[in-house]
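# Working through the structure, step by step
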Amino acid sequence: MNKTDRQAALEYHQFPTPGKISVTASKPLVTQRDLALAYTPGVAVACEEIVEDPQNSFRYTSRGNLVGVITNGTAVLGLGNIGALASKPVMEGKAVLFKKFAGIDVFDIEITESDPDKLVDIIASLEATFGGINLEDIKAPDCFTVERKLRERMKIPVFHDDQHGTAITVSAAFMNGLKVIGKDITKVKVVTSGAGAAALACLDLMVDLGLPLKNIWVTDIDGVVYQGRTTLMDPDKERFAQDTSARSLSEVIEGADVFLGLSAGGVLKADMVTKMAEKPLILALANPTPEIFPEVALEARPDAVIATGRSDFPNQVNNVLCFPYIFRGALDVGATTITRNMEIAAVHAIAKLAEEELNDSVAAAYGAYDLRFGPKYLIPKPFDSRLIVRIAPAVAKAAMEDGVATRPIDDFGAYTNELQQFVYHSGAFMKPIFAAAKQFVRDGGKSRIVFAEGEEERVLRAVQVIVDEKLARPILIGRPEVLLARIEKFGLRLKLGEDVEVTNPEYDERFHQYWTTYWELRCRDGISKEMARVEMRRRLTLIGAMMVRLGDADGMVCGTVGAYHDHLRFVDEVIGKQRNANTYAAMNILLLDKRTVAIVDTHVNDNPNAEQIAEFTLAAARQMEWLNLAPKVALLSRSNFGSGSSASGTKMREVLKLVTEKNPDLEIDGEMHGDCALDEALRLRILPHSKLKGAANLLVCPNVDSGNIAYNLLKTGAGSNVAVGPFLLGVNAPVNVLTSSSTVRRIINMAALTVLQANRD
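So, how was this worked out
Residues numbered from 1 in each chain as written. Predicted model: local features only at pLDDT ≥ 70, side-chain atom pairs only at ≥ 80, totals over all residues. Heavy atoms only, no water. Helix = DSSP H or I, 4+ residues; strand = E, 2+ residues; numbered from the N terminus. Buried < 20%, exposed > 50% of the residue type's maximum accessible area, 1.4 Å probe, protein only. Contact = heavy atoms within 4.5 Å. Areas by Shrake-Rupley, 256 points an atom, 1.4 Å probe, with all protein chains shown as cover. Axes fitted to C-alpha atoms, helices over the stretch in contact; angles between N-to-C directions. Parallel < 35°, antiparallel > 145°, perpendicular 65-115°, else oblique. Left-handed = near helix turned anticlockwise from the far one by under 90°. Pairing = 2+ DSSP bridges. Lys, Arg positive; Asp, Glu negative; His and termini not counted. Salt bridge = Lys/Arg side-chain N within 4 Å of Asp/Glu carboxyl O. Right-handed = clockwise from strand over helix to strand, strands pointing away. Arc of directions from axis to C-beta. Patch = residues over 30% accessible without salt bridge, like charges linked within 9 Å, V, L, I, M, F, W, Y side chains within 5 Å. Charge placed at Lys NZ, Arg CZ, Asp CG, Glu CD. Core = buried A, V, L, I, M, F, W, Y, C linked by side-chain atoms within 4.5 Å.

### What to know about the overall build of the protein
The helix and strand inventory of the protein stands at 32 helices and 21 strands. In terms of principal-axis extent, the alpha carbons of the protein reach across some 95 × 70 × 55 Å. When the 761 residues of the protein are sorted by exposure, 53% land in the buried category. Relative to all contacts within the protein whose residues are 6 or more apart in sequence, the contacts with residues 24 or more apart total 70%. Total accessible area on the protein stands at roughly 33700 Å², and carbon and sulfur atoms take up 52% of it.

In structure tokens:
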């Protein structure tokens, strides 16, 4: 690393607090009762239950979601034997990956002990603490001994990631690489550079996947591993010894179909690559410098397919693709060990995912929008959010089949849905909505949802999921040739006219009816026939709104491009307000860590009067009830129950009066500060007889500025950008106007909700 990058790395590790991990409490500890339950005397009850049945440790402690990442620092990647203390930043980094990708908690443990037997004794004594052990950066051959003995002694999964994590990921790349180059695993010649723990584990797993032992040629720092060699040999390496007179990598590489490098940078030379068979697969995985750089290999052999361990080249082979999810599946079924079948299940799950189209999270993280399975994409990217829902269930099933699961899963559909919450935080909230939308589609209900910005990438990615999950029958407004090109570019599988209906803004036989209807609606508002024709072909939201009005669609989702008010204008002109409605409003639901909060109005009314606020407050409350959320309404202001003379306070007091008159049973109070809305104890100190009980979940703001600011601050600062909405209140049809910041997941969510709205009456 250069000086600037080194300094940046040090600052990253030092600020704002030293290190990369911390321990946080999972339960509240704010009252005397909390203390009594958490510690004495309440803790004794949990202890007694565990004495009665040791399996209760997984019910009453964090053990079932806690992994020990353990090392002695004798073989730290790229750094060698730096010792236990200096290895701690690496182990903390491993902990961060477990938590980020699979929600698994970690204690990192660095042990100053080089004797393998003593190391085994220390680690084995920690079994009561952890649900699993991840061994890391222990030198070979000690790592083999340590893992083998720990697996014999411990009744929890023990996994040496340098061996098995590497083997699983490499094997997935190997299997897919063979598909890309079109070669049979039983017929390829494989040559390796490196014979350490990782390389031998890879070869063992590849043999179990079907690679003949006789097809493998191993080289290390002392040359070819051949029968009769005595230097730097051990039983694990001896298995791969060949009866040959060849003594160097250069000799055995001739005719090789596959090169597997887990050794040192630069050992594979360009002239060696030229000796390889047609369409060679080169897995040059040494870090940070690969055995050969891709550009050098491709210059020598343009037909080569290449993977490395680096993120700045295509086909990064990275252990993070598997180890968090292997443990997720193993922990969730209470596996007593990790079997070979569990590892093979992970290989196939990873390999299969690479053949699917890129999802939005990968495209956003890597800025890569046109990758598809092939020479430059033969293994999934580490940030692919689908890895957990592919690998963990596969591993869990394999554990159950092998008889090592102490807590088998009965319903894998429900389990997969739970895992989806690691991917999409809106998963639990949306689950019943998705189920209802699917039912309407199956039953032939109203489910034709038109997407105004049909050519937009996020919309296309969302529609692919909608089609796969059968959440709606999508209609895309877009030019067919553009749609086809973008579907191809993004690697999607949508078939126009089959999976989705298309409305072409350049020509559609229905447009004569559309523009004449629009002209009849707006001819007294300055819209001429000529303008009606032009507008109907260039305003996509106008087309979608007219489709809904005339029954060619059951609902519409728009707004992913452009300003909210521009879309709302066309919706208002064509569809209009509900009977007895005088105003529109936008409501957003935020799914925060500890609460679900709706905010209204976030996008429409600059400075609404009391009557307008009362109207959309009641509309928002009805919307929440429809979503099975009991509304608890707080009317927000900068004054607090008459404590100030603000204009917003006066207005919100009038709103309270109007709303109470129309719905006396609604739980509502105000005007109040935001902290009083969410903190009942604070509110009751000021107004002991408040009608509002508990924390408010519907926050009504006095104007759009305050609503929009509050929404965006909460969404970004506390909600990890997880929101459902905006819901358009007051509109006379199932139409929702989104915003330009809407994610793919939010588009999917709102499409399903629009289906439900279409069938609400």
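### Considering the side chain of Glu136
Locating Glu136 in the fold gives a position in the loop between strand S3 (132-135) and helix H8 (142-153). Residue Glu136 is classed as buried on the basis of its relative accessible area of 6%. Those residues in contact with Glu136 that sit more than four places away from it in its chain are Val69, Ile70, Thr71, Met91, Lys94, His160, Asp161 and Asp162.

### Things to note about the packing of helix H15 (residues 323-332) against helix H18 (residues 387-401)
Running from amino to carboxyl end, H15 crosses H18 at an angle of 45°, the nearest separation of the two axes being 7 Å. It follows from the interaxial angle that H15 and H18 lie oblique. Where H15 crosses over H18, the handedness of that crossing is right-handed. Facing H15, whose interface residues are Tyr325, Ile326, Arg328, Gly329 and Ala330, H18 presents Leu387, Ile388, Ile391, Ala392, Val395 and Ala396.

### Here's the deal with the sheet that holds strand S6 (residues 216-220)
Spatially, S7-S6-S5-S8-S9-S10 is the arrangement adopted by the six strands of the open sheet, whose pairing is mixed. The open sheet terminates on both sides in strands that have one partner only, identified here as strand S7 (223-224) and strand S10 (305-308). The sheet contact formed by strand S5 (residues 190-193) and strand S8 (residues 258-261) spans four bridges and is parallel. For Ser193, the partnering residue across the bridge sits in S8 and is Gly261. Its contacts with the sheet put helix H9 (residues 161-181) on S5, S8, strand S9 (281-284) and S10, and the angle it makes with S9 is roughly 155°.

### Brief notes about the side chain of Arg63
Examined against the element boundaries, Arg63 turns out to sit in the loop between helix H4 (57-60) and strand S1 (66-71). Despite its burial, Arg63 pairs with no opposite charge; the closest candidate is Glu127, at 4.5 Å N-O. Those residues in contact with Arg63 that lie beyond four places of it in its chain are Ser57, Phe58, Glu127, Ala128, Thr129, Phe130, Gly131 and Ile156.

### A short note on the pairing of strand S17 (residues 632-636)
A large share of S17 lies buried, amounting to four of its five residues. Looking at chain direction, S17 and strand S18 (residues 667-672) are connected through five bridges and run parallel. Its bridge partner lying in S18, Leu635 is registered against Gly670. The β-α-β motif built from S17, the intervening helix H28 (residues 647-662) and the parallel element S18 has right-handed crossover chirality. Where S17 meets strand S19 (residues 698-700), three bridges bridge the pair, whose relative direction is parallel. Its bridge partner being in S19, Ala634 is matched across the sheet by Leu699.

### Re helix H24 (residues 529-538)
Residues three or four positions apart in an α-helix share a direction because the helix packs 3.6 residues into each turn. Listed in full, the buried residues belonging to H24 are Ala532, Glu535 and Met536. All buried residues of H24 lie within an arc of 100° about the axis, which places them on one face of the element. Exposed positions of H24 whose direction lies more than 90 degrees from the buried face are Glu530 and Arg538. The elements touched by buried residues of H24 are helix H23 (511-522), helix H25 (540-549) and helix H26 (564-574).

### Focus: a negative patch on the surface
There is a patch of like negative charges on the surface, built from Glu48, Glu49, Glu52 and Asp53. Note that Glu52 resides in helix H3 (residues 42-52). Among the residues examined, Glu52 registers a relative accessible area of 66% and is labelled exposed.

### Some thoughts on the sheet that holds strand S21 (residues 735-737)
Here five strands make up an open sheet; going across it, the order is S13-S12-S11-S14-S21 and the pairing parallel. The sheet is open, and its two edges are formed by strand S13 (501-503) and S21, each paired on a single side. On average, adjacent strands in this sheet sit at an angle of 20° to one another, irrespective of strand direction. Inspection of the sheet shows strand S12 (residues 473-477) paired to S13 by three bridges, in the parallel sense. Each bridged residue has a counterpart across the sheet, and for Leu476 the counterpart in S13 is Val502. Against the sheet, H25 engages strand S11 (448-451), S12, S13 and strand S14 (555-558), with an angle of about 165° to S14.

### Concerning the pattern of salt bridges
Counted by the stated rule, this structure contains 40 salt bridges. Residue Asp208 pairs with Arg340 through a salt bridge whose shortest N-O separation is 2.6 Å. Of the two residues, Asp208 is situated in helix H10 (residues 197-208) and Arg340 in helix H16 (residues 340-354); the sequence distance between them amounts to 132 residues. Here the residues in one salt-bridge network are Glu356, Asp384, Arg386 and Arg390, joined through shared partners.

### Some words on the nonpolar core
In this structure, Ile123, Ile133, Leu150, Ile168, Phe174 and Met342 are the most contacted members of the largest nonpolar core, which totals 101 residues. Ignoring sequence-local partners within four residues, the contact set of Leu150 consists of Val120, Ile123, Ala124, Leu135 and Val158. Core analysis: the second largest hydrophobic core is formed by 65 residues, Ala614, Leu627, Val655 and Val700 among them.

### Considering the environment of Ala485
One can find Ala485 in helix H22 (residues 480-489). What makes Ala485 partly exposed here is its relative accessible area of 46%. Sequence separation between Ala485 and Leu209 is 276 residues, and the spatial gap between their C-alpha atoms is 38 Å.

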